[in-house]
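Remarks on the overall topology
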Amino acid sequence: MKNPWSDRWSFVKSYIPPGSSIVDFGCGNKEVLDYCTPTKYLGIDQLPTADVVADLDQPLNLNDHYDLGLLLGVLEYTKNPNTVLENIVRYADRFIILTLPVKKKPEWARAFTKQTINELLNKHFKSVQHYEHGRYILSIGTA
């Protein structure tokens with residue numbers, strides 16, 4: 001059976017520089033490791049399979065800094081995306097944020113439009129670029 005996220009991953013992996021160290025916020029089952037080989041990796045999620053089990057709506061205390069932070073389909077589930085970004089922006093030089101601008105799903109705390117994700121990210125990053133792929137918006141924020 002085809003992985004329903006395979007299209008998303010094939011799109012995202014083209015934006016991950018080879019040899020990057022990665023902190024994966026909302027890592028799920030660490031699927032990103034099927035698509036790239038980071039020099040260092042840390043997966044953070046509420047799932048017990050994560051390297052660090054944590055609620056992203058709460059402050060984090062990580063010991064390392066990474067080249068790249070991932071937030072792939074995560075902000076929709078958070079209580080306060082502003083607080084989440086304030087808490088994590090110091091842990092990586094660049095971030096890839098993937099959102100799906102569709103009507104809010106029942107399990108989501110919120111939904112984003114292209115305009116609202118742009119406004120949110122511009123509060124936390126020096127520069128933001130957006131790329132579209134099908135229904136997805138991939139944003140790259142530079143801390």
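Residues numbered from 1 in each chain as written. Predicted model: local features only at pLDDT ≥ 70, side-chain atom pairs only at ≥ 80, totals over all residues. Heavy atoms only, no water.

Those residues of helix α3 (residues 114–122) lying buried are Ile-117, Leu-120 and Leu-121. The buried residues of α3 occupy an angular sector of 95° when projected down its axis, which confines them to one face. Of the surrounding elements, those touching the buried residues of α3 are α2 (81–88), β5 (92–99), β6 (127–133) and β7 (136–142). (Buried < 20%, exposed > 50% of the residue type's maximum accessible area, 1.4 Å probe, protein only. Helix = DSSP H or I, 4+ residues; strand = E, 2+ residues; numbered from the N terminus. Arc of directions from axis to C-beta. Contact = heavy atoms within 4.5 Å.)

By the definition in use, this model includes 4 aromatic pairs. Ring geometry for Phe-25 and Phe-95: centres 6.2 Å apart, planes at 20°, overall stacked. Of this pair, Phe-25 sits in strand β1 (residues 21–25) while Phe-95 is found in strand β5, placing the two residues 70 residues apart along the sequence. Summarising the burial analysis for this pair, Phe-25 and Phe-95 share the class buried. By way of ring pairs, the aromatic residues Phe-11, Tyr-15 and Tyr-131 are connected into one cluster. Above the plane of the ring of Tyr-66 lies Lys-40, whose end atom (NZ or CZ) is 4.6 Å from the centre. (Phe/Tyr/Trp six-rings, centres within 6.5 Å; stacked < 30°, edge-to-face > 60°. Lys NZ or Arg CZ within 6 Å of the ring centre and 35° of its normal.)

Turning our attention to the side chain of His-124. Checked against the element boundaries, His-124 lands in the loop between α3 and β6. With a relative accessible area of 16%, His-124 lands in the buried category. In terms of polar contacts, His-124 uses its side chain to reach the side chain of Asn-82, at 2.9 Å. Those residues in contact with His-124, other than ones at most four positions away along the chain, are Asn-82, Leu-85, Glu-86 and Val-89. (Polar contact = N/O pair within 3.5 Å; in protein donor to acceptor, adjacent residues only side chain to side chain.)

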